[in-house]
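Each chain, written out:
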Amino acid sequence: MRTTPTTRLEADTWIAVLITYGHLHSAEPGPDETWIVKRTTASTPQTLHHPVLAPDFVADVLRDVHRDASGLRR
């Protein structure tokens, strides 16, 4: 279990990795440590209002990636 909150640098790194591997369509930094992310070209943009929300978002994306890889439907 973490004992410190997620930093902006950690959130930036995770988002960059997801984009690099094609798991996110786009991610735009917003004001006050926010991110606006889109998983696909057709998806609705989501706002991550604080870096602390990034690990949950990343976990959801990775869970979907693993489901897709195993052949299960989303």
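### Re the sheet that holds strand 2 (residues 35-38)
Read from one edge of the open sheet, three strands run 1-2-3, paired in antiparallel fashion. Among the strands making up the open sheet, the edge pair consists of strand 1 (26-29) and strand 3 (46-48). Recorded for the sheet is a direction-independent mean angle of 25° between the axes of neighbouring strands. As defined by bridge partners, strand 1 adjoins strand 2 across four bridges and the pair is classed as antiparallel. For Ala27, the partnering residue across the bridge sits in strand 2 and is Val37. Strand contacts of helix 1 (residues 8-20): strand 1, strand 2 and strand 3, with the helix running at about 155° to strand 1, the strand carrying the most contacts.

The rules behind each value
Residues numbered from 1 in each chain as written. Predicted model: local features only at pLDDT ≥ 70, side-chain atom pairs only at ≥ 80, totals over all residues. Heavy atoms only, no water. Pairing = 2+ DSSP bridges. Helix = DSSP H or I, 4+ residues; strand = E, 2+ residues; numbered from the N terminus. Axes fitted to C-alpha atoms, helices over the stretch in contact; angles between N-to-C directions. Contact = heavy atoms within 4.5 Å.

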